[in-house]
Amino acid sequence: MNDNDVKIPELARTLGLGRRQFLAATTAIATAGAATAAAGGTAYASPAGNANGTLVPASKRGIILYTVRDAVSRDPNTTDLASGFKEVLGELSRIGFRQIEFAGYRQHANAEGGADLGTVAGATLLRSWLDDLGLEAEGNHGSIPSTITPETIAAFDSACEIANILGLGHIGTGGDPTGSAYVADWVAAAERWNFFGERASRHGLKLYTHNHDIAYSFLLDSGPLDAAGNPTRSSGIRRLEHFLAHTDPKHVFLEMDIFWAHVAQYKHHTYTAPDGSQARSVFDPAAVVAAQTKRFPLFHAKDGRRDATTSNGYTMTPFGEGDIDYSTFFRRVGAKGSHNPMWEQDTAPGGAANPGQSLAFAQTSYDNLAALRG
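Here we summarise the structure given alongside this text. Please read these numbers as outputs of a predicted model, since none were measured by experiment.

## Quick notes on the overall build of the protein
On a plain count of helices and strands, the protein comes out with twelve helices and 14 strands. Counting all 374 residues of the protein, 48% fall into the buried class. Of the contacts made within the protein by residues no fewer than 6 positions apart, 72% connect residues no fewer than 24 positions apart. Accessible surface for the protein amounts to roughly 15900 Å². Of this, 53% is attributable to carbon and sulfur atoms.

Written out as structure tokens, the structure reads:
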């Protein structure tokens, strides 16, 4: 089954569009026309449910399943707790989440559907559960090919096919385009991502990369060169800022992890300038988004408490229990209510001592996400 097997208007079939693509296109046309008529120019429409100062509309409250990976992966034959995709998705829907981001498609082999749902049949089954539960899948942390060959192109096209069966709007990865600090490697990564981004667009998808703090460290792009011919100093531009400047905004997008962006603010503030002097530049996550807010369709809404005893400066917490000022962040980035924030907490699983912790944290975090006003 693919997206066209779902009942859609005849016009969509004629145009070769899937159900999600057709609905997105018609909604965009309608809202854009209304906004332009009202404001005399281009404007963002206010999504449904964005009344009374709500910063994250009910339809936009999401979670990445990595947060509850212990529940997805546990053996349903050994516990009464929610286990596997179907039961976990049911719990998340009951809590109130409406958007899901996958972190791969594997679960325990004893869960309904078997171990690997990253196939056409598996994705079809997942889609049926999502639809029944009133959930919408937005993205997946998969992998983007590191080379461009006929084989990697075919593998990427297959991943896009699975994404379309699931109804995803985005396809991406949980890692940086490159782990290198050197400008030449970021130039090469931008070229590769431009290629696969354009290909994702052909499938009706937005290609995105997800960041950790190192992506907002300073790029080594200035001399003198080391023995291997690599630059040793920086002009002051950050790695992902360079990436944004050298990729096509129509095809390549970012998912800012707001926690790790604040860690970058804490850690990556000084660089060695071309003349050898020490220069200071404090990172402003919200300003980076606000300057080109459409390039950040997804966020990881991960919270943290300030903690100077750690190298990161923050310790992860359930959403709303940390010190990151999310109300101000969401107000500053613009396009109110138009982004897709996925709650994530890497440390949510409680292990054998507290196997219900990740889903309990999911309830707390949903409640606090829903309570944001601004």
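## A word on empty space enclosed by the protein
A water-sized probe rolled over the atoms picks out the places where empty space is left. Evaluation of the coordinates by the stated rule reveals one cavity of 30 Å³ or more. Reported here for the largest cavity is a volume of approximately 80 Å³. If you trace the largest cavity, you find 13 residues lining it, with L55, F330, G337, S338 and H339 closest to the centre. The residue makeup of the lining of the largest cavity, split by class, is seven nonpolar, four polar and two charged.

## Details of the sheet that holds strand 14 (residues 340-343)
The eight strands lie next to each other as 1-2-3-4-5-8-11-14, forming a closed barrel whose pairing is parallel. The average undirected angle you get between the axes of adjacent strands in this sheet is 30°. Sheet topology note: the strand 3 (residues 136-142)/strand 4 (residues 170-173) ladder contains two bridges and is parallel. Paired with G142 across the two strands is T173, which belongs to strand 4.

## Quick look at the pattern of salt bridges
In total, this model carries 13 salt bridges according to the counting rule given. Notably, a salt bridge pairs R94 with E91, separated by 3.2 Å at the nearest N-O pair. Remark: E91 and R94 occur in helix 4 (residues 84-95); sequence separation between them is three residues, near one turn of the helix. Judged by relative accessible area, which is 27%, E91 ranks as partly exposed. Residue R127 is joined to D131 by a salt bridge in which the shortest nitrogen-to-oxygen separation is 3.2 Å. Here R127 and its partner D131 are both found in helix 5 (residues 120-132), four residues apart, which amounts to about one turn of the helix. A residue is classified by how much of its surface remains accessible, and R127, at 5% relative accessible area, is buried. Overall, the relative accessible area of 43% leaves D131 in the partly exposed class. Beyond isolated ion pairs, a larger network of salt bridges with shared partners links D257, K302, E344 and D346.

## Here we look at the packing of helix 5 against helix 6 (residues 150-166)
The N-to-C vectors of helix 5 and helix 6 enclose an angle of 25°; their axes lie 8 Å apart at closest approach. If you check the angle between helix 5 and helix 6, you find them roughly parallel. Handedness of the helix 5/helix 6 crossing: right-handed. From helix 5, V120, A123, T124, L126, R127 and L130 reach across to helix 6, where they touch E161, I162, N164, I165 and L166. Considering only residue class, the contact of helix 5 with helix 6 consists of seven nonpolar, two polar and two charged.

## Things to note about the packing of helix 6 against helix 7 (residues 183-202)
Two quantities define a packed helix pair, namely the angle between the axes and the distance from one axis to the other. With their axes 10 Å apart at the nearest point, helix 6 and helix 7 run at an angle of 40° to one another. Taken together, the axes of helix 6 and helix 7 are oblique relative to one another. Remark: the crossing between helix 6 and helix 7 carries right-handed chirality. Side by side, helix 6 and helix 7 meet where T152, I153, F156, D157 and C160 of the first sit next to F195, F196, R199 and A200 of the second.

## Structural notes on unusual backbone geometry
Between G223 and P224 the backbone carries a cis peptide bond, its omega angle lying at 0°. In this fold, P224 is placed in strand 6 (residues 222-225).

## Structural notes on the layout of surface pockets
Put simply, the second largest pocket is a space of about 250 Å³. Around the second largest pocket, the lining is made up of 14 residues, and of these N140, G142, S143, A159 and I171 lie nearest the centre. Those elements that provide at least two residues to the lining of the second largest pocket are strand 3, helix 6 and strand 4. The element best represented in the lining of the second largest pocket is helix 6, accounting for three residues. Counted by class, the lining of the second largest pocket contains seven nonpolar, six polar and one charged residues.

## Points about the pairing of strand 4
Side chains of strand 4 alternate between two faces, with H170 and G172 and I171 and T173 buried alike. Following the backbone out of strand 3, through helix 6 and into the adjacent parallel strand 4, one traces a crossover that is right-handed. Relative to strand 5 (residues 206-210), strand 4 runs parallel, the two being bridged by four bridges. Directly across from I171, in strand 5, lies its bridge partner L207.

## Remarks on helix 7
Over its 20 residues, helix 7 runs 29 Å from end to end, which matches the ideal 28 Å to within 8%, given 1.5 Å per residue. The positive-phi residue at the C-terminal boundary of helix 7 is G204, with phi of around 80°.

## Quick notes on the packing of aromatic side chains
Within this structure, the stated rule accounts for 17 aromatic pairs. Each residue in the set F299, F319, Y326, F329 and F330 is aromatic and connected to the rest through ring pairs, giving one cluster. Here the guanidinium or amino end of R69 rests over the ring plane of Y66, the centre of that ring lying 3.9 Å away.

Cut-offs applied
Residues numbered from 1 in each chain as written. Predicted model: local features only at pLDDT ≥ 70, side-chain atom pairs only at ≥ 80, totals over all residues. Heavy atoms only, no water. Helix = DSSP H or I, 4+ residues; strand = E, 2+ residues; numbered from the N terminus. Buried < 20%, exposed > 50% of the residue type's maximum accessible area, 1.4 Å probe, protein only. Contact = heavy atoms within 4.5 Å. Areas by Shrake-Rupley, 256 points an atom, 1.4 Å probe, with all protein chains shown as cover. 1 Å grid on protein atoms, 1.4 Å probe; cavity = no way out; pocket = protein on both sides within 12 Å on 5 of 7 lines; lining within 4 Å. Points joined across faces, edges and corners; volume = space filled by probe spheres on them. Nonpolar A, V, L, I, M, F, W, Y, C, P; charged D, E, K, R; others polar. Pairing = 2+ DSSP bridges. Axes fitted to C-alpha atoms, helices over the stretch in contact; angles between N-to-C directions. Salt bridge = Lys/Arg side-chain N within 4 Å of Asp/Glu carboxyl O. Parallel < 35°, antiparallel > 145°, perpendicular 65-115°, else oblique. Left-handed = near helix turned anticlockwise from the far one by under 90°. Right-handed = clockwise from strand over helix to strand, strands pointing away. Expected span 1.5 Å × (residues − 1). Phe/Tyr/Trp six-rings, centres within 6.5 Å; stacked < 30°, edge-to-face > 60°. Lys NZ or Arg CZ within 6 Å of the ring centre and 35° of its normal.

In short, geometric facts, not functional conclusions.
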